[in-house]
Amino acid sequence: MSEQLHAAAPHHLPFFVPGADGADTLMVVMGVFLVATLLWAGTLYWKLHSLPERMAHKSQKLQMEIVAVLGLISLFTHMHIFWIAGLLLAMIDLPDFGTPMRSIADSVERIANTTPGTLSAEAKVESVTGAKADVQPSIRQGVHDHA
């Protein structure tokens, strides 16, 4: 038997038709496209999912840890309300109460150590011994145990 093509058969097959050797070009191209698309979509998903955490980290917010935990909870529970709460928390600037309170505490401590009518440790030593000390009284006389 002779291998001759039929007169109506095309002499050149398109690239998407598998050849006689079994190589399917379209399947290989679509496989590579599918893997690339999955990697791209996964990367996009992770970037979108970590958006609140990155926002809180860039602005050095105090609530950054809370935002990160909310992101993890939303990832593992698939409840989007945690992600939305983390996003809103990352956008909000919480007021800084610590710095003014620390300043007030330092000022009150300074005032308490130099109150008129109280004797410092050097003055008490001087009044008991009758000798004058060459040491200047310090504003802070030691470390105090308070919060």
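Notes on the structure follow. Computed from a prediction, not measured in an experiment: that's the story for all the values here.

What counts, and where the lines are drawn
- Residues numbered from 1 in each chain as written.
- Predicted model: local features only at pLDDT ≥ 70, side-chain atom pairs only at ≥ 80, totals over all residues.
- Heavy atoms only, no water.
- Axes fitted to C-alpha atoms, helices over the stretch in contact; angles between N-to-C directions.
- Helix = DSSP H or I, 4+ residues; strand = E, 2+ residues; numbered from the N terminus.
- Parallel < 35°, antiparallel > 145°, perpendicular 65-115°, else oblique.
- Left-handed = near helix turned anticlockwise from the far one by under 90°.
- Contact = heavy atoms within 4.5 Å.
- Nonpolar A, V, L, I, M, F, W, Y, C, P; charged D, E, K, R; others polar.
- Core = buried A, V, L, I, M, F, W, Y, C linked by side-chain atoms within 4.5 Å.
- Buried < 20%, exposed > 50% of the residue type's maximum accessible area, 1.4 Å probe, protein only.

1. A look at the packing of helix α3 (residues 64-77) against helix α4 (residues 80-91)
Right, on to step 1. α4 packs onto α3 with a crossing angle of 160° between their chain directions and a minimal axis gap of 8 Å. For the element pair α3 / α4, the angle class is roughly antiparallel. Crossing geometry of α3 relative to α4 is assigned as left-handed. Between α3 and α4, the residues in contact are I66, V67, L70, I73, S74 and T77 and F82, W83, A85, G86, L89 and A90, respectively.
Right, on to step 2. Split by residue class, the contact of α3 with α4 holds nine nonpolar, three polar and no charged.

2. Details of the packing of helix α1 (residues 25-49) against helix α2 (residues 51-58)
Right, on to step 1. Across the interface, α1 lies against α2 with an axial gap of 4 Å and an inter-helix angle of 50°. Judged by the angle between their axes, α1 and α2 are oblique. Listed contacts from α2 to K47, L48 and H49 of α1 are L51, P52 and R54.
Right, on to step 2. In the contact of α1 with α2, the residues fall into three nonpolar, one polar and two charged.

3. A look at the nonpolar core
Right, on to step 1. By size, the foremost hydrophobic cluster in this structure holds five residues: A56, V67, L70, L89 and A90.
Right, on to step 2. Elements with a minimum of two residues in this core: α3 and α4.
Right, on to step 3. A56 has contacts with K61, M64, V67 and A90, leaving out every residue within four places of it along the chain.

4. Section: the environment of M55
Right, on to step 1. Within the fold, M55 resides in helix α2.
Right, on to step 2. A C-alpha to C-alpha distance of 6.2 Å links M55 and A90, two positions 35 residues apart in sequence.
Right, on to step 3. Each residue touching M55, except ones within four places of it in the same chain, is listed here: L87, A90 and M91.

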